[in-house]
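Summary of structural features
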Amino acid sequence: MISLPTAPVRIPVVLLYNLDPDWTPEEKKEAFKLTEELAGALKGFGHAVELVRVEGNEIHGKLRPYDPNEYLIFNWCEGIPGIEHSEWLVARQLEELGYTYTGASPRVLSLAQDKQRVKDILEACGIPTPAWKIFDAPRADSWRIFPAIVKPRNEHCSAGITPESVVTNGGDLTGRIAFILNRYAQPALVEDFIDGREFHVAVLGNEDLTVLPAAEMDFSRFGDARDRLCTYEAKFAPGSLHYEKIETLLPAPLTGEEKETLEEICRKAYRAVGCRDYARMDLRLRDGVFYVLDVNPNADLSSDASMACAAEAAGMSYAQLGSVIVRMAAARHPVFRQWL
């Protein structure tokens, strides 16, 4: 288990976050509330925290007052507003400016955005992942595994995943591929649909890895397999069917052997993709095999998200979780690494 900080190391932190001008007032309010909550937790644990908001491609100017030798960046920024799939660009700009920051590198953030590349890596490393194929045209003559699930190749946060994503025949599959091509202007990833238990597993660390207690998404209130999904609404739409009916079991009820196997697969996936400081793995269990569905190197660190909840289940407060991540990044800082 990772060593929990009990006394503050007063590393100055710039908490970098984004607010998209196109968000609704409610979305902006919620994003700022969560940002303030993280800042408050870090301050409560002894860190001096400066909040820096990004509302456009302005990171260079926003960070000019903060000397890279005197501050560490807590990268809470999910992208550059107005530029799709730009998580990796934020990290690249931070590196170009000479900052040490929390979380994954630009290469890994870019990699994780491309499900095809991640699947290739998992398979090359012998890590179980559902059978799959990429389609860039609305035809699926070569696919024979049903039920199947159809996803956009380059989205995250379950974008594009609804009950209609699960198909049971070639005609519906072709139609769903066409939908993804038209709606998202990118190829479709078709996978064997693993109709089994789903787990979200948080991992912390670099040289040594700590696997936090697994969270299980309980689909027992859904009779139709097409509803047994963690959709976008399940994560972000209070009042929606999936948000209300999917229960989280934390820690997940697992046998000792299952827990050991799950943790080993998560460690392998974390290493294979190149995650740093923290990440979350999404997996499903079928016939005794844990299949990796997704690797999230920039996992949600909000206080109510699965990583913070898993940390709490392991006896780690939200403030300690934030400070652990700061300290892992500080070990890469030219000055602060001497303070640890």
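Above this text you will find the structure in question.
So, here's what we can say about the structure. (Residues numbered from 1 in each chain as written. Predicted model: local features only at pLDDT ≥ 70, side-chain atom pairs only at ≥ 80, totals over all residues. Heavy atoms only, no water.)

1. Some thoughts on the overall build of the protein
- On a plain count of helices and strands, the protein comes out with eleven helices and 13 strands.
- Against the 2.2 N^0.38 benchmark of 20 Å for 340 residues, the protein shows a C-alpha radius of gyration of 20 Å, consistent with a compact globule.
- Across the 340 residues that make up the protein, the buried fraction comes to 54%.
- Taking contacts inside the protein between residues at least 6 apart in sequence as the whole, the part at least 24 apart equals 69%.
- Total accessible area on the protein stands at roughly 15100 Å², and carbon and sulfur atoms take up 48% of it. (Helix = DSSP H or I, 4+ residues; strand = E, 2+ residues; numbered from the N terminus. Rg over C-alpha atoms; globule rule 2.2 N^0.38 Å. Buried < 20%, exposed > 50% of the residue type's maximum accessible area, 1.4 Å probe, protein only. Contact = heavy atoms within 4.5 Å. Areas by Shrake-Rupley, 256 points an atom, 1.4 Å probe, with all protein chains shown as cover.)

2. Section: the environment of Lys-33
- Looking at the secondary structure, you find Lys-33 in helix 1 (residues 25-44).
- Along the chain, Lys-33 and Ser-302 lie 269 residues apart, while their C-alpha atoms are 10.0 Å from each other.

3. What to know about the nonpolar core
- Counting residues in hydrophobic clusters, the biggest one holds 45 residues, and the most contacted among them are Leu-16, Leu-63, Leu-94, Met-281 and Leu-283.
- Ranked by residue count, the leading element in this core is helix 9 (residues 256-273), at six residues.
- Dropping the residues within four chain positions of it, Met-281 is found in contact with Phe-199, His-200, Val-201, Cys-266, Ala-269, Tyr-270, Cys-275, Asp-294 and Val-295.
- Counting 38 residues, the second-largest nonpolar core is a separate cluster that includes Leu-42, Phe-74, Trp-76 and Ala-310. (Core = buried A, V, L, I, M, F, W, Y, C linked by side-chain atoms within 4.5 Å.)

4. Regarding the packing of helix 1 against helix 11 (residues 318-330)
- Viewed as axis vectors pointing N to C, helix 1 and helix 11 meet at an angle of 80°, and their least axial separation amounts to 8 Å. Between helix 1 and helix 11, the angle falls in the class roughly perpendicular. Of the residues in helix 11, those in contact with Glu-37, Leu-38, Ala-41 and Leu-42 of helix 1 are Tyr-318, Ala-319, Gly-322, Ser-323 and Val-326. (Axes fitted to C-alpha atoms, helices over the stretch in contact; angles between N-to-C directions. Parallel < 35°, antiparallel > 145°, perpendicular 65-115°, else oblique.)

5. Observations regarding the environment of Glu-216
- Mapping Glu-216 onto the fold places it in strand 10 (residues 215-218).
- Each C-alpha atom of the pair Glu-216 and Val-150 lies 22 Å from the other, and the pair is 66 residues apart in sequence.

6. Quick look at the sheet that holds strand 5 (residues 148-152)
- What the four strands build is an open sheet, ordered 4-7-5-6; its pairing is antiparallel. The open sheet has two edge strands with one neighbour each: strand 4 (132-135) and strand 6 (166-167).
- Pairing of strand 5 with strand 6, which is carried by two bridges, proceeds in the antiparallel orientation. Opposite Ala-148, over in strand 6, you have Val-167 as the bridge partner.
- Docked against the sheet, helix 6 (residues 170-184) engages strand 4, strand 5, strand 6 and strand 7 (188-192), running at close to 10° with respect to strand 5. (Pairing = 2+ DSSP bridges.)

7. Focus: the pattern of salt bridges
- Enumeration according to the criterion identifies 16 salt bridges in this entry.
- Measuring nitrogen to oxygen at the nearest pair gives 3.8 Å for the salt bridge that ties Glu-263 to Arg-267. Pair noted here: Glu-263 and Arg-267 are both in helix 9, with a separation of four residues, about one helical turn.
- Note that Arg-332 is salt-bridged to Asp-277, the shortest N-O span being 2.8 Å. A residue pair is termed long-range when its members are at least 10 positions apart, and Arg-332 in the segment after helix 11 and Asp-277 in strand 12 (residues 277-286) qualify at 55 residues.
- Of the residues examined, Arg-332 reaches a relative accessible area of 27% and is grouped as partly exposed.
- Three or more residues are tied together by salt bridges with common partners; here these are Lys-259, Glu-263, Glu-264 and Arg-267. (Salt bridge = Lys/Arg side-chain N within 4 Å of Asp/Glu carboxyl O.)

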